[in-house]
Amino acid sequence: MLRRRLVLGLTVVCLVWGSCLGASTARADSDGQLWLSARLRLRVHRKVQIDIEPGLRLDENMTHLDRVLPDFTLGVRALDWLRLSVGYRLTWVNDNNPDVRHRLYADARFDDAIGAFAWVTRVRYQAGVRSGEPTRHTLRALFQVGIRNDSALTPYVSTELFTDVGHGSGPSARAWRGTAGFEIETRRHEVDVYYRIEVPLNDSTDPTLHILGLSYGYEAKFY
């Protein structure tokens, strides 16, 4: 009970904090994007899963292929309410000077349910590697609340804060994301449809992103 109350309190605080940050840094420059992904989840054990998830992102108001990003994750259900994961992402960026970037990450995901609400709290550390530039170290804190019901459709909202760390000048909040969407989940299949806003917090040259997203997932069991 204490754990649930603590996480619920933290979730409320961070939702409010993230909303205030996003509202206070709104700007005129913006871009519409489309994010598409497909995930194959391999359950090799009751508590162990491997996710393979290629993705595409279109920017410039959904008219230009911005990046291609295959992603690989190994996750372990350590406790009923805790999942630990490590992963790697390869990103091909299609800008004026196309390049390839690498990302390594590790996260802890806490989930539980209280009444009609299901919450998820995820803390992630990631290291971004790009040729000719120093490694970017980032902490990401995500909080999500979904509404449980008797159907396969679950609406949800989430907030996420990106903080740069390890750059000599102390932690710096880089961006805030807010997402509203719904998931449709059956025994093997999952579809996620969402709208997302991403607001930069420390670079006035970055635009606010308005993102439409569609993700499909399939799960295969091998135990």
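Residues numbered from 1 in each chain as written. Predicted model: local features only at pLDDT ≥ 70, side-chain atom pairs only at ≥ 80, totals over all residues. Heavy atoms only, no water.

### Concerning the overall build of the protein
Here comes step 1: If you tally the helices and strands in the protein, you get 1 helix and 13 strands.
Here comes step 2: Secondary structure of the protein in N-to-C order comes out as α-β-β-β-β-β-β-β-β-β-β-β-β-β.
Here comes step 3: The contacts in the protein between residues at least 6 apart in sequence include a share of 45% that link residues at least 24 apart.
Here comes step 4: Within the structure as shown, the protein displays about 12600 Å² of accessible surface, and the carbon and sulfur contribution to it stands at 61%. (Helix = DSSP H or I, 4+ residues; strand = E, 2+ residues; numbered from the N terminus. Contact = heavy atoms within 4.5 Å. Areas by Shrake-Rupley, 256 points an atom, 1.4 Å probe, with all protein chains shown as cover.)

### Let's talk about the nonpolar core
Nonpolar side chains in soluble globular proteins generally cluster together in the buried interior.
Here comes step 1: Within the largest apolar cluster, 5 residues are counted, these being W35, Y156, Y194, L209 and I211.
Here comes step 2: Setting aside residues no more than four positions away along its own chain, Y194 makes contact with W35, Y156, T179, A180, G181, I211, L212, G213 and L214. (Core = buried A, V, L, I, M, F, W, Y, C linked by side-chain atoms within 4.5 Å. Buried < 20%, exposed > 50% of the residue type's maximum accessible area, 1.4 Å probe, protein only.)

### Topic: the pairing of strand β10 (residues 153-165)
Here comes step 1: Strand direction decides the pairing type here: strand β9 (residues 136-147) and β10, joined by 10 bridges, are antiparallel. Bridging across to β10, V145 finds its partner in V157.
Here comes step 2: The turn joining β9 and β10, which pair antiparallel and follow one another in sequence, is formed by 5 residues.
Here comes step 3: When β10 meets strand β11 (residues 172-185), the two strands line up antiparallel, connected through 12 bridges. Bridging from a neighbouring strand, L153 pairs with I184 of β11. (Pairing = 2+ DSSP bridges.)

### Side note on the pattern of salt bridges
Here comes step 1: For the coordinates displayed, the defined rule picks out 15 salt bridges.
Here comes step 2: Notably, a salt bridge pairs E160 with R140, separated by 2.8 Å at the nearest N-O pair. Taken together, the residues span a long stretch of sequence, with E160 in strand β10 and R140 in strand β9 at a distance of 20 residues.
Here comes step 3: Judged by relative accessible area, E160 falls into the buried class, the value being 5%. (Salt bridge = Lys/Arg side-chain N within 4 Å of Asp/Glu carboxyl O.)

### A closer look at the packing of aromatic side chains
Here comes step 1: For the structure shown, the criterion picks out 1 aromatic pair.
Here comes step 2: The ring of W35 carries the charged tip of R57 above its face, separated from the ring centre by 3.6 Å.
Here comes step 3: For the cation-ring pair, R124 lies above Y105, with the distance from its terminal atom to the ring centre recorded as 4.1 Å. (Phe/Tyr/Trp six-rings, centres within 6.5 Å; stacked < 30°, edge-to-face > 60°. Lys NZ or Arg CZ within 6 Å of the ring centre and 35° of its normal.)

### Digging into unusual backbone geometry
Here comes step 1: We note that E60 has phi near 50 degrees; this positive angle belongs to a residue other than glycine.
Here comes step 2: If you trace the backbone, E60 turns up in the loop between β3 (55-59) and β4 (64-68).
Here comes step 3: E60 gets classed as partly exposed once you look at its relative accessible area, which sits at 47%.
Here comes step 4: Despite not being glycine, M62 shows a phi value in the positive range, around 65 degrees.
Here comes step 5: Along the chain, the position of M62 falls in the loop between β3 and β4.

### Considerations on a nonpolar patch on the surface
Here comes step 1: On the surface, L40, V44, I50, I52, F72, L74, V76, V86, Y216, Y218 and F222 cluster together into a nonpolar patch covering about 890 Å² of accessible area.
Here comes step 2: Mapped onto the nonpolar patch, the elements with two or more residues apiece are β1 (30-45), β2 (48-53), β5 (71-79) and β13 (208-221).
Here comes step 3: At 3 residues, β5 tops the list of elements feeding residues into the nonpolar patch.
Here comes step 4: Along the chain, F72 falls in strand β5.
Here comes step 5: A relative accessible area of 39% means that F72 is categorised as partly exposed. (Patch = residues over 30% accessible without salt bridge, like charges linked within 9 Å, V, L, I, M, F, W, Y side chains within 5 Å.)

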